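A closer look at the structure
What follows is the residue order along each chain.
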Amino acid sequence: MTVLDSFDLDDDGKIDLSGVYGQADPRSYYQTLVTLEYRIPESASSLFGRILGALRATREQNSATILDVGCSYGVNSALLKHGYGLSELFNLYNRQATAGLSHQQLIDRDRGLFQSDNEPDIQTVGLDTSDEAIAYACDANILDAGIVADFESRDPTAAEAALVAPTDLVISTGAIGYVGAPTFTRILDSATRAPWMALFALRMFPIDEIADMLKARGYAVYHLKGQTFRQRRFAGRDEREEVLAKLASLGIDPTGHEANGWYHAEFFLALPPGETDDPPIINPVRL
């Protein structure tokens, strides 16, 4: 039996990893995802870094606040703000490295590891429905602040809106499909200045409603043409067949992508009115 044999499929045909995201610390999260060769945060980090540089130049500012939608234990912040690589995180939380450590001992270890910022001018705020993941990432200094909320179903509280307000860049590497236009609408309604958005979405989750909402607010939405990003391997035959069936229902050809055993994501960049002339990505196609 492998670590994946105990997971059922969710309504979208993916293995249900909700239990992994709800643990008191990230051990199970990283130990599970490494078996699936999870990699999209690594691919995303260089792209996010380039976009963040362009944002700072455009707005003539040094500091920036990033809101990570579906942040889990703050993996994107660990890469962008603290300078870790994904393989380093897998090693930090594997069984050998964490053997014998209590929950509090792991927090204490991580507070030391994440004490220094590779990018001190970046403030990271995480948004997730997992109280445990947000609490750990904040306690361990991985995130600067966290919001435990489902903005699909309710408006932010005053305290939550205050954390969203200074957002310059909204990122997401795995939440789209579980969150949609309502979440991003509520983020925009809370932001003091219209943020840039750098979003990855699995090909099985069309972003039409999100894109239409953004365009209605004057955003230019760009697609990175001719490139996809491997998110992780399928956990097994059942997951693969469910995903291929969903892609077929959407008229999406999986040849060379999901047919080879991997989830593939596409990248979308949304820029506010007045900041759309020179999107900092290669081969941008405006939707």
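The structure this text deals with has already been given above.
This text gives an overview of the structure that appears in the document.

Attention shifts here to the overall build of the protein chain. A count of helices and strands for the protein chain gives twelve helices and nine strands. Relative to the globule expectation of 19 Å for 287 residues, the C-alpha radius of gyration of the protein chain, 18 Å, shows essentially globular dimensions. Along the longest, intermediate and shortest principal axes, the C-alpha atoms of the protein chain span 55 × 45 × 35 Å. Across the 287 residues in the protein chain, those meeting the buried criterion constitute 52%. Within the protein chain, counting contacts between residues at least 6 apart in sequence, those at least 24 apart form 78% of the total. Distance between charge centres in the protein chain, computed from 24 positive and 41 negative side chains, equals 4 Å.

Take the nonpolar core next. Within the largest apolar cluster, 62 residues are counted, with the highest numbers of intra-cluster contacts made by I51, L89, L169, F200 and F267. For this core, the element with the most residues is helix α3 (residues 40–59), which contributes eight residues. Counting residues in hydrophobic clusters, the runner-up holds 29 residues, among them V69, I176, I187 and A270.

So, about the side chain of S45. Note that S45 resides in helix α3. Taking the relative accessible area as the measure of exposure, S45 reaches 18% and is therefore buried. Residues within four places of S45 in sequence aside, it is in contact with L79 and L80.

A separate point is unusual backbone geometry. Even without glycine at this site, E60 takes up a positive phi of about 50°. By secondary structure assignment, the location of E60 is in the loop between α3 and β1 (64–69). At N141, a position not held by glycine, the phi torsion is positive, near 70°. Within the secondary structure layout, N141 lies in the loop between α8 (131–139) and β3 (145–148).

By the definition in use, this model includes zero disulfides. Cysteine C138 is unpaired, with the sulfur of C71 as its nearest cysteine sulfur at 7.8 Å. Looking at C138, the relative accessible area reads 26%, which means it is partly exposed.

It is worth spelling out helix α10 (residues 181–190) at this point. With seven of its ten residues buried, α10 lies for the most part within the structure. When α10 is considered as a whole, its buried residues turn out to be A181, T183, F184, R186, I187, L188 and S190.

A separate point is the pattern of salt bridges. Pairs can form between side chains of opposite charge once their charged atoms are near each other. Counting across every chain of the model gives 16 salt bridges. E119 is the salt-bridge partner of R56, the closest N and O atoms lying 3.8 Å from each other. In this pair, R56 is assigned in helix α3 and E119 in the loop between α7 (103–113) and β2 (122–128), connecting sequence segments 63 residues apart. For R56, a relative accessible area of 17% translates into the label buried. Ionic pairing is found between K81 and D144, a salt bridge with its closest N-O pair at 3.3 Å. Of the two residues, K81 is situated in the loop between α4 (75–80) and α5 (86–92) and D144 in the loop between α8 and β3; the sequence distance between them amounts to 63 residues. Looking at K81, the relative accessible area reads 1%, which means it is buried. What emerges from the salt-bridge pattern is a single network uniting R59, D168, R193 and E275.

We now examine the packing of aromatic side chains. A complete count under the given rule lists eleven aromatic pairs for this structure. Measuring from ring centre to ring centre gives 5.3 Å for Y29 and Y73, while their planes differ by 55°; the resulting arrangement is tilted. Of the two residues, Y29 sits in helix α2 (residues 27–35) while Y73 sits in the loop between β1 and α4, which places them 44 residues apart along the sequence. The class of Y73 is buried, set by a relative accessible area of 0%. Just above the ring of W262 sits the side chain of R230; from NZ or CZ to the centre is 4.4 Å.

Parameters and conventions
Residues numbered from 1 in each chain as written. Predicted model: local features only at pLDDT ≥ 70, side-chain atom pairs only at ≥ 80, totals over all residues. Heavy atoms only, no water. Helix = DSSP H or I, 4+ residues; strand = E, 2+ residues; numbered from the N terminus. Rg over C-alpha atoms; globule rule 2.2 N^0.38 Å. Buried < 20%, exposed > 50% of the residue type's maximum accessible area, 1.4 Å probe, protein only. Contact = heavy atoms within 4.5 Å. Lys, Arg positive; Asp, Glu negative; His and termini not counted. Charge placed at Lys NZ, Arg CZ, Asp CG, Glu CD. Core = buried A, V, L, I, M, F, W, Y, C linked by side-chain atoms within 4.5 Å. Disulfide = S-S within 2.5 Å. Salt bridge = Lys/Arg side-chain N within 4 Å of Asp/Glu carboxyl O. Phe/Tyr/Trp six-rings, centres within 6.5 Å; stacked < 30°, edge-to-face > 60°. Lys NZ or Arg CZ within 6 Å of the ring centre and 35° of its normal.

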